[in-house]
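Summary of the model geometry
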Amino acid sequence: MLQLLKDALGGKEQDYTKVNLKTGIVLLAIPMILEMLMESLFAVVDIFFVGRLGEHAVATVGLTEAVIVLVYAIGMGISMAATALISRRVGEKEYKEAGNAAFQLLAFGGVVSVILGLLGFYFAEDLLRMMGAENEVLAIGVEYSRIIFAGNTAIMLLFLLNGAFRGAGQPHLAMRALWISNGLNIVLDPLFIFGLGSFEGFGLTGAAIATTAGRSVGVIYQLYHLFNGKHKLVILKENLTINFLVIKRIVSISVGGMGQFLIDSVGWIALTRMAAEFGSVAVAGFTIAFRILLFTLMPAWGLSGAAATLVGQNLGAQKYRRAEISVWLTARYNVIFLALVTVLYLLAGDVLAGVFTDTDAVRELAADGLKVIVLGYVFFAVGMVMTNAFNGAGDTKTPALINIGVFWVIEIPLAYFLAFVVGWEMMGIYISIAFCHSLHAVVAFYIFRKGKWKSVKI
């Protein structure tokens, strides 16, 4: 096991169409899990430092992120396209075509991000006003938002190039890029916000500078490894031409990926808005429960990401049975992990919630959320893997359609009915989440078993 850990972190390249599947899952999953853990840590640390500047600074960050979620959605969509296209070409042993796809992804994502950055920079104040920002927020937040919007190219490229690395079976590079970018951000945040010695810092604007600088360095690291010729995935001189046919494929795959992220985000926004009807205590309890759940769901998402690479590469090698077995094995490991987490939350939900709040009412609501939502964790484990399997095959539209049917058509109305009509309030929202995410897994499992994903051409 120690040798596997060393190989996973050291980046020893493997042929994932031939390596033992259990070994392959471990080699892919370890760096993906660590990548997701760093993303979770960054979110917590960043808001910790900004929180010391007061509620208006926190509000600025929250409102800006609510708008820039569009960039995240586009970035995630292109990232899914990157994983699907690159993994398929690598599985076919068409490494030159993989490099060509990587350049098209880089060019397409770069152009889109520059356009969004210019629009966001110019309309930053208007966007904050549209989101309901108070005058105090506008006074300190416009410059912060402009820097974040202008620097969104780093966000976009970080997402999509990491997707390319994962598709090529090089998740260690994706992990290192994120650790470098977010690690640097964590170090620069207090320095640029509060200063050091005679350097007074930039306040809230410093947080935006730190974030943009950290992510930009991460992108430089990614580009170095894409062009240095030391890996299977490399961009050669002959790849440096625009191929509109490949870009068309990227757009086609990306649309479904963007839809998945946006549909899920809108669903959570609606549930949060419902929680707000029961007061600040309810929102606080809901938020704490969600943050704790997310901290364990992110590693599970990293583990399930191994399925995307294995499916893509093995479909490229025309090893359809091997691709399917890799999904079942990954699902088994994810179920075991989240089953253990379920037991932990059921036994220690109150204690965990108490770490984040001293208010009894908030703690109780957060603990209730943990204990109810976690009842669907075993199903969540399967649903994550199935979604990643579809995405790895290049079928991003199926998960998007499932999301619409389950989260918009069922979850939101069910949560409203249970919370307000039946009168279960927050418990109704929690039950709706547990039930619908479990239903999502069942539907995804059923469609996956039909096997149409094996015939997707990209």
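First, a word on what this report is: a plain description of the structure on this page. From a predicted model like this one, the values you see are computed outputs, not experimental measurements.

A look at the side chain of T396
Tracing the chain through its elements places T396 in the loop between α14 (377-392) and α15 (397-421). Since its relative accessible area comes to 1%, T396 is described here as buried. The residues contacting T396, other than those within four sequence positions of it, are M80, S252, I253, G256, G257, Q260, F390 and N391.

Quick word on a nonpolar patch on the surface
Taken together, the side chains of Y416, F417, F420, V421, V422, W424, M427 and I431 define a hydrophobic patch exposed on the protein surface, amounting to about 700 Å² of accessible area. Contributions of two or more residues to the nonpolar patch are made by α15 and α16 (426-450). Ranked by the residues each element gives to the nonpolar patch, the list is headed by α15, at four residues. Note on placement: I431 falls in helix α16. Take I431: its relative accessible area is 30%, and that puts it in the partly exposed class.

Notes on the packing of helix α13 (residues 360-373) against α16
Running from amino to carboxyl end, α13 crosses α16 at an angle of 25 degrees, the nearest separation of the two axes being 9 Å. Here α13 lies roughly parallel to α16, going by the angle between them. At the point where α13 passes α16, the crossing takes the right-handed sense. Along its contact with α13, which presents L365, A366, D368, G369, V372 and I373, the element α16 presents M426, M427, Y430, I431, I433 and A434.

Quick notes on the packing of aromatic side chains
Within this structure, the stated rule accounts for twelve aromatic pairs. Judged by centre distance (4.9 Å) and plane angle (35 degrees), the ring pair of Y416 and F420 falls under tilted. Placement of the pair is Y416 and F420 together in helix α15, with a separation of four residues, close to one helical turn. The class for Y416 is partly exposed, based on a relative accessible area of 45%. Ring pairing ties together the aromatic residues W328, F390, F445, F448 and W453, which thus form one cluster.

A few points about the layout of surface pockets
Considered as a void within the structure, the second largest pocket measures approximately 150 Å³ in volume. At the level of secondary structure, the elements contributing two or more residues to the lining of the second largest pocket comprise α3 (55-91) and α4 (95-122). For the lining of the second largest pocket, the element with the highest residue contribution is α3, accounting for four residues. Of the residues in the lining of the second largest pocket, the class split is nine nonpolar, one polar and no charged.

Digging into the side chain of Q170
Mapped onto the fold, Q170 is located in the loop between α7 (152-167) and α8 (171-194). Leave out the neighbours within four places in its chain, and Q170 touches E13, F165, H231, K232 and L233.

Things to note about the environment of T211
The residue T211 is located in helix α9 (residues 204-227) in this model. Through-space distance from the C-alpha of T211 to that of L188 is 8.2 Å; in sequence the pair is 23 residues apart. In this structure T211 touches F42, D46, I148 and N185, once residues within four positions along its chain are discounted. At 3.0 Å, the side chain of T211 and the backbone oxygen of A207 are in polar contact.

So, how was this worked out
- Residues numbered from 1 in each chain as written.
- Predicted model: local features only at pLDDT ≥ 70, side-chain atom pairs only at ≥ 80, totals over all residues.
- Heavy atoms only, no water.
- Helix = DSSP H or I, 4+ residues; strand = E, 2+ residues; numbered from the N terminus.
- Buried < 20%, exposed > 50% of the residue type's maximum accessible area, 1.4 Å probe, protein only.
- Contact = heavy atoms within 4.5 Å.
- Patch = residues over 30% accessible without salt bridge, like charges linked within 9 Å, V, L, I, M, F, W, Y side chains within 5 Å.
- Areas by Shrake-Rupley, 256 points an atom, 1.4 Å probe, with all protein chains shown as cover.
- Salt bridge = Lys/Arg side-chain N within 4 Å of Asp/Glu carboxyl O.
- Axes fitted to C-alpha atoms, helices over the stretch in contact; angles between N-to-C directions.
- Parallel < 35°, antiparallel > 145°, perpendicular 65-115°, else oblique.
- Left-handed = near helix turned anticlockwise from the far one by under 90°.
- Phe/Tyr/Trp six-rings, centres within 6.5 Å; stacked < 30°, edge-to-face > 60°.
- 1 Å grid on protein atoms, 1.4 Å probe; cavity = no way out; pocket = protein on both sides within 12 Å on 5 of 7 lines; lining within 4 Å.
- Points joined across faces, edges and corners; volume = space filled by probe spheres on them.
- Nonpolar A, V, L, I, M, F, W, Y, C, P; charged D, E, K, R; others polar.
- Polar contact = N/O pair within 3.5 Å; in protein donor to acceptor, adjacent residues only side chain to side chain.

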